[in-house]
Amino acid sequence: MRNLNKKKIALLTACVVSAVGHMAFAAEADNYDEYSGADYVVTATKTQIEKKEVPQSVEVITEQKIKELGAYSVQDALRLANNIDVQDNGMTGNQVQMRGNSTMHTLILVDGKRMAAENTQSSQNAYELKRINISDVERIEIIRSNGSALYGSDAIGGVINIITKKSTTPSISVNMHTGTKDEASSFLYSSGKQGKLSLKLGGGIEKIRKIDSGVYKSYSKNSNTGVINSTDASTTNMYGTRRFLNTGLNYAFDDNHSLDFDMNFMREQLKSFSWNSMATDYTETQMTTLLGFIRKNAIAGGAPAAVVNSQVFIDRLLAQGYTMEQLNASMPDPTTIQKYPQISSHFYDNNRSDYSLGYNGKDGKHDYNFRTYFSELRKDNTSWYKNLNTNTTKFVDFDQNNYKQLVVEGKDSYKMDENNTLTFGAEYKKDTMEGTHLQGRGSDLHDVTVNGKSKTSSEVSSETAAVYLQNELKIGDKLLLIPAVRIDHHDSFGTHTSPKLGATYKLSENARLKANWGKGYRAPTLYELYAQMEKVGMAPMPVNVIGNPDLQPEESTNFDFGFEAEKGKSNGKVTYYHNKIKNMIDGGDYDPVKLAQNIIWTEYVNRGEVEISGLESEIGYNFDEHWSVRGVYNYMDAKDLETGDRLAYRARHNGLIQLTYTDAKENPLTVNLYNRYYFNYHQSNTDGYQQDYSYSTTGLTVSKQFNKNYRVYAGVDNIFNKSFLYDTYHTYSIDGRTWRVGAEMTF
């Protein structure tokens, strides 16, 4: 890795100092505790701005809405958000797609801060929404638009900012729930302001229940003969215990200056199992070369041994496109393999620690802050095989990996006059990855041994320095222009500029036009660049994923324009969006030579261009103080411009119909009945099998507040228990019917 030189760090330091004006230090980067109204948003511009005015498509899920939905996780709270797909991804985590953009293109923040997390194509953001204590969430702000001009890499598709609760009034709350997926209890203590100090302390424990996929068919195709074999198989989710501890301390020097210190901890102790009725276990005596295997098949088919064993036979194979390297490659000999029922066991121990120190200040026309924070995720896992015929268990693999992120940032919003606000800031970020997924491709090489098996571990890192500038300019009473630009310097990929221009034009007090244009980029993750993962036990055959240090950053150009209006009891909005991304990073195709040896081998590559465009619409109507209805419809065209193929795991049409009832009392009863639908949801797998799914699921939630101190809630998802055939060709699945009930008490 190339480090930023001293001159660049000195320049960054100067930018940070200038960003905070004449103050030496600052923090809690956007004063999120001050802006709690549902009509305002902070994430879009890093300043308080009314939702109607901000050019981007935004959505705010308040604490009250979370309660009304009976949400038991942040993922669950997002299920009814417009044009966001947070469906579970098989039996592991979940995807986070916004407007059809990959989960790698969604930036998830907590109080405006990034979190150390997994960084592979399949795992980034897959677990994050479940690792946040929902009892500590004040509101969730969603920006469905390119956020690179303010947030840099990873925000091509949008930003989800989860804002946690602040200690404003003395209280203690306890929350408990149980259901199909889990049972959990949590608490939150708030001291309120005690002189200049205020303290928040929260925690919880969640027991994730075991969910079995049931028996399905696992198909495998012989790459030489074309014969398809099948076995029975089943898998479970990752289940076990997750614990949280959240602390926050605020010291107010006066009404305009404060110091914040936060510490958050999370630990997961999970396990999963998979079963295969016809597993294999190869020994050295059961190995042959590909040439030997082809010769054996030819002789079994009646070819003369003298011909098959001659140089002429080899020459024919070479003429067909084989190479000598391929023909000499070692592979299992299927004619000598004994098969048996097997259980694969996987155990995960994941620990995350987050620390943040910041200073906030207001002086005259300046609203500034500075903070530094550190986040670390440590992951240990082991895998075991059990032969059910012999009842013997053996240790097969392990991995230990550590992800770290250090950030120093500052920001100042200068209100030049009533119509002009200038926001400028700077950021330094260092990402570090160390562990066995890198093998020897980094520095600080050393061996790690677990249960007699050794692997090489090493470390890689990257550094990024950035500055950004934004101007909120009101022209007359009708037009708001927000130009912004961010310049990132990455120690491996040089300088990238991300400009953006947004505009809101008021047609009247209740109608407006909005438009945005911008460019963004995503730097390859450390895993995509330097991985050398060799894993046994996670698939029917060994898996190798290789990073590519020659990858180039992804670059995007996007625009959208829309119309919003309110009239009487109704409201609506419609937006057209278009995003083109080049140098898309992909896991690459399976190496056919390795696949012939029963080894999955893939290397990250840059693809060509993809294009995602669509129409996003929403309408609502309040019949009276008791009844309201909301309808969402979205159309999407997502395709690979090189091949013309549709991008997988996206629906051509999706939407929502939601009916809400409240008795409108001081302590209300709220009922939500909703139907979420998907038409032409495109699924594709590595064998080239493709299928489109069309379906809808219906859910119901009920929340009752008995008094200001006590409420209960319940919900059922997928009431009619919709499900699909699942096997290795049909890899798309949804949860069946699930339920939950819970209660919250506040003192």
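Residues numbered from 1 in each chain as written. Predicted model: local features only at pLDDT ≥ 70, side-chain atom pairs only at ≥ 80, totals over all residues. Heavy atoms only, no water.

Draft legend 1. Region of interest: the overall build of the chain. Broken down by element type, the chain carries ten helices and 40 strands. For the chain, the accessible surface area stands at approximately 32200 Å², while carbon and sulfur atoms represent 55% of it. (Helix = DSSP H or I, 4+ residues; strand = E, 2+ residues; numbered from the N terminus. Areas by Shrake-Rupley, 256 points an atom, 1.4 Å probe, with all protein chains shown as cover.)

Draft legend 2. The arrangement of the pattern of salt bridges in detail. Counted by the stated rule, this structure contains 52 salt bridges. Two residues, K379 and E118, come together in a salt bridge whose shortest N-O distance is 2.9 Å. Remark: E118 occurs in the loop between β6 (106-110) and β7 (137-143) and K379 occurs in strand β19 (residues 366-387); sequence separation between them is 261 residues. Where salt bridges share partners, they join E118, E128, R131, E206, R242, E268, R352, D354 and K379 into one cluster. (Salt bridge = Lys/Arg side-chain N within 4 Å of Asp/Glu carboxyl O.)

Draft legend 3. Just the pairing of strand β23 (residues 453-475), in detail. Across 16 bridges, the pairing between strand β21 (residues 420-435) and β23 is antiparallel. Looking at β23, one finds that F424 is bridged to L469. The pairing of strand β22 (residues 443-450) with β23 spans six bridges and is classified as antiparallel. In the sheet register, S443 faces β23, and the bridge partner there is E459. One ladder, built from ten bridges, connects β23 with strand β24 (residues 479-490); its direction is antiparallel. Opposite Q470, over in β24, you have A484 as the bridge partner. Taking the residues between adjacent antiparallel strands as the criterion, β23 and β24 are bridged by three residues, where G476 takes a positive phi near 70°. (Pairing = 2+ DSSP bridges.)

Draft legend 4. Quick look at unusual backbone geometry. Phi is positive for D111, close to 55°, though the residue is something other than glycine. With respect to the helices, strands and loops of the structure, D111 is situated in the loop between β6 and β7. Positive phi outside glycine occurs at Y649, with the angle close to 60°. On the secondary structure map, Y649 appears in the loop between β35 (627-640) and β36 (650-662). You can call Y649 partly exposed: its relative accessible area is 29%. (Buried < 20%, exposed > 50% of the residue type's maximum accessible area, 1.4 Å probe, protein only.)

Draft legend 5. Focus on the sheet that holds strand β27 (residues 532-535). One open sheet holds the three strands; their spatial order is β27-β28-β32, and the pairing between them is mixed. This sheet does not close on itself; its edge strands, each paired only once, are β27 and β32 (600-603). Looking at each pair of strands side by side, their axes are set apart by 5° on average, direction ignored. Judged from the four bridges that link them, strand β28 (residues 543-546) and β32 form a sheet pairing that is parallel. Each residue of the ladder has a partner; that of N544, found in β32, is W601. (Axes fitted to C-alpha atoms, helices over the stretch in contact; angles between N-to-C directions.)

Draft legend 6. Structural detail: the side chain of S258. Looking at where S258 falls in the secondary structure, it is placed in strand β15 (residues 257-280). Residue class for S258 comes out buried when judged on its relative accessible area of 14%. Look past the residues within four positions of S258 in its chain and what remains in contact with it is N250, Y251, A252, F253, G358, Y359 and N360. (Contact = heavy atoms within 4.5 Å.)

Draft legend 7. Examining the packing of aromatic side chains more closely. With the rule as written, the count across this model stands at 18 aromatic pairs. Consider the rings of F395 and F398, whose centres lie 6.5 Å apart with planes at 25°: the pair is stacked. Take F395 and F398: they sit in the same class, and that class is buried. Judged by centre distance (4.9 Å) and plane angle (65°), the ring pair of Y693 and F724 falls under edge-to-face. Placement of the pair is Y693 in strand β38 (residues 690-707) and F724 in the loop between β39 (710-717) and β40 (738-746), with a sequence separation of 31 residues. Taking the relative accessible area as the measure of exposure, Y693 reaches 5% and is therefore buried. Aromatic rings pair up to connect Y678, Y681, Y693, Y695 and F724 into one cluster. Of note, K455 hangs over the ring of F398, and the distance from its end group to the ring centre comes to 5.5 Å. The side chain of K704 reaches across the aromatic face of F706, ending 5.8 Å from its centre. (Phe/Tyr/Trp six-rings, centres within 6.5 Å; stacked < 30°, edge-to-face > 60°. Lys NZ or Arg CZ within 6 Å of the ring centre and 35° of its normal.)

Draft legend 8. Seen up close, the sheet that holds strand β8 (residues 158-164). One open sheet holds the four strands; their spatial order is β3-β7-β8-β6, and the pairing between them is mixed. Lying at the two open borders of the sheet, with one neighbouring strand each, are β3 (58-62) and β6. Within the sheet, the average angular offset between the axes of one strand and its neighbour, ignoring direction, is 15°. With five bridges joining them, β6 and β8 adopt parallel strand pairing. When the sheet's bridge partners are listed, I108 is paired in β8 with I160.

Draft legend 9. Representation of helix α7 (residues 311-319) within the structure. Listed as buried for α7 are F313, I314 and L317. Within α7, the buried residues cover an arc of 100° as seen down the axis, which keeps them to one side. Trailing α7 by a residue or two, G321 shows a phi angle of about 115°, which is positive. (Arc of directions from axis to C-beta.)

Draft legend 10. Quick peek at the nonpolar core. Ranked by size, the top nonpolar core spans 23 residues in total, and within it M433, V460, Y527, Y530, V545 and Y604 carry the most contacts. Broken down by secondary-structure element, the contributors of at least two residues to this core are α9 (526-530) and β28. Apart from the residues within four sequence positions on either side, V545 is in contact with Y527, A531, Q532, M533, T602 and Y604. Among the nonpolar cores identified, the runner-up in size contains 22 residues, and A71, V110, I134 and I142 belong to it. (Core = buried A, V, L, I, M, F, W, Y, C linked by side-chain atoms within 4.5 Å.)

Draft legend 11. Quick look at the confidence of the model for the chain. On average, residues of the chain score 86 in pLDDT, and 86% of them are at 70 or above. Considering only residues more than four positions removed or in separate chains, one finds that residues 1-29, a stretch of pLDDT under 50, has 76 contacts. In the model, residues 31-36 has pLDDT below 50 throughout and makes 17 contacts with residues more than four positions away in sequence or in other chains. (pLDDT = per-residue confidence, 0-100.)

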